[in-house]
Amino acid sequence: MRIAMLGLGSMNGAILSGFLASGVSADDVVATSRSAASARARAAEHGVTVLAEEDDAEANRRAAAEADVVFLGVKPHGIVALCTEIRDALRPEAVVVSVAAAVDLQMMQDALRAGQPVIRSMPNTPLSVGLGVVGLVPGAHVTADQTDRVKGLLGACGAVHVIDEAQIDALTGISGSGPAYAFHLAEHMAAAGVELGLDPALAADLAARTVQGAGTMLVENHISGAADAAALRRAVCSPNGTTERAIGQLDSHGVPEAVVAAVKASADRAAEMTAQLREQV
Ligand SMILES: NC(=O)c1ccc[n+]([C@@H]2O[C@H](COP(=O)([O-])OP(=O)(O)OC[C@H]3O[C@@H](n4cnc5c(N)ncnc54)[C@H](O)[C@@H]3O)[C@@H](O)[C@H]2O)c1
C-alpha cells in the first residue's frame, strides 16, 4: 500500500513515526512539506522521500498521484485548498484521510471529485509510540474494505474507534487534545518537585514515569474490567494519608471541574472552527 503524507508537521510526523515502527516500509511513503529545509530535515529524520513545495509547486500532486492512501496533515484552514489542489491528481480509488480538527466530510467531498473516498479522522500524537487513539468517520463513498485498510494501518499504532461524525468533537476534547492535558500535569508535578528541592532532571523523570505507569495500569485494568480510574485512584489514597491530602487540594482547587471545562472547551472550539470554515467555503 502506497502512502502519501501531505504536510509533515507534528501530527502527520507522529503518524509516520508510528507507521514506520509498526513495519510500514519507508519506500512506500512519500511526504510533502512547505520549505526545502524542513523537507531535508524530515527526510533525514524518518528516512522517507519528502518533496518540498518550495522546490516543486507540484509536490503535493506528485505525492498524491501514486498513493493508495493520502493523509492530509495541514492546518484546518488549509485542508479544502489542499483537496482542490490534489483533486485531479488522485487516483479514483485513493482514500483521502484528513487528520484535521473541524473540517467536516462535506467540505472535503465538495472540494474533491465526485465519488472520491474520504475519511475524517481525529488522531493523537502518542501514535508515534504505538499508543495512540484515533477516531475515524468514513465518508459516503468509502467501502468497508477501504475503512478496514485504514483502520489496519492506524490500528498498528493505537486504538481505532469508528464513530459518527456527530461524536468527533467530543472525541477531540478527550483523546485529540488529551495528551496535552497529561503533559500539563507532568509539567506541573515536576515543577512542584523542583520547588521542594529536587534536581529538575530527577523531578521530570519522576513525573514522566508516574504518568506513564498510571496510564499503562489504567489501560490494563480498563481492558480487563478489573478496575476503573476512580477505583485505582482510591487504591492509592490511604485513609488520612498523604494522597488523600493531595487529592483534597486538587478537589478544593476545582481540578475536576477544570478538567470537564477543558474537554468541553476543546469540543466547543472544534464546533466553532467548523462554523467559521463553513462561512469561508
Ligand atoms: N498536533 C496534534 O496533536 C494534532 C492532533 C490531532 C489532529 N491534529 C490536526 O493535524 C493538523 C496539523 O496540525 P499539526 O499540529 O501537525 O500542525 P503543524 O503546523 O505542526 O503541521 C502542519 C504542516 O503542514 C505543512 N504545510 C502547510 N501547508 C502545506 C502545503 N500546502 N503543502 C505541504 N505542506 C504544508 C506545514 O509546513 C507544517 O509542517 C491540523 O489540521 C490539526 O487539527 C493535530
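Residues numbered from 1 in each chain as written. Predicted model: local features only at pLDDT ≥ 70, side-chain atom pairs only at ≥ 80, totals over all residues. Heavy atoms only, no water.

For the protein, the name recorded in an unreviewed UniProt entry is Pyrroline-5-carboxylate reductase, with Nesterenkonia aethiopica as its organism. Of the comments in the UniProt record for the protein, the one headed Subcellular location (unreviewed entry) reads "Cytoplasm". UniProt's Function (unreviewed entry) comment on the protein is quoted here verbatim: "Catalyzes the reduction of 1-pyrroline-5-carboxylate (PCA) to L-proline." (UniProt positions renumbered as here; feature names shortened; annotations may be inferred.)

1. Looking at the overall build of the protein
When its secondary structure is counted, the protein shows 12 helices and 8 strands. At 21 Å, the protein has a C-alpha radius of gyration in line with the 19 Å of a compact globule built from 281 residues. Overall, the C-alpha framework of the protein stretches about 65 × 40 × 35 Å when taken along its three principal axes. Counting the 281 residues in the protein, one finds 40% classified as buried. (Helix = DSSP H or I, 4+ residues; strand = E, 2+ residues; numbered from the N terminus. Rg over C-alpha atoms; globule rule 2.2 N^0.38 Å. Buried < 20%, exposed > 50% of the residue type's maximum accessible area, 1.4 Å probe, protein only.)

2. Some points on the UniProt feature "domain: Pyrroline-5-carboxylate reductase dimerisation" (unreviewed entry) in the protein
According to UniProt, the "domain: Pyrroline-5-carboxylate reductase dimerisation" (unreviewed entry) feature falls on residues 165–273. For residues 165–273, the helix share is 83%, the strand share is 0%, and the end-to-end C-alpha distance is 15 Å.

3. Side note on the site of the ligand
Near the ligand there are 20 residues, and of these S10, M11, N60, V74 and A101 occur at the shortest range. In the environment of the ligand, an oxygen atom lies 2.8 Å from a nitrogen or oxygen atom belonging to the backbone of M11. Separating a nitrogen atom of the ligand from a side-chain N or O atom of N60 is a distance of 3.0 Å. Broken down by secondary-structure element, the contributors of at least two residues to the shell around the ligand are α1 (10–21) and β2 (29–33). Each residue belonging to the shell around the ligand can be placed in one class, and the counts come to 9 nonpolar, 8 polar and 3 charged. (Near = heavy atom within 4 Å. Polar contact = N/O pair within 3.5 Å; in protein donor to acceptor, adjacent residues only side chain to side chain. Nonpolar A, V, L, I, M, F, W, Y, C, P; charged D, E, K, R; others polar.)

4. Some words on the packing of helix α7 (residues 168–176) against helix α8 (residues 178–195)
A pair of packed helices can be characterised by two numbers: the angle between their axes and the separation between those axes. Taken N-terminus to C-terminus, the directions of α7 and α8 make an angle of 30°; their axes are 5 Å apart at the nearest point. Our classification of the angle between α7 and α8 gives roughly parallel. The segment α7 lies against α8, with T172, G173, I174, S175 and G176 engaging G178, P179 and Y181. (Axes fitted to C-alpha atoms, helices over the stretch in contact; angles between N-to-C directions. Parallel < 35°, antiparallel > 145°, perpendicular 65-115°, else oblique. Contact = heavy atoms within 4.5 Å.)

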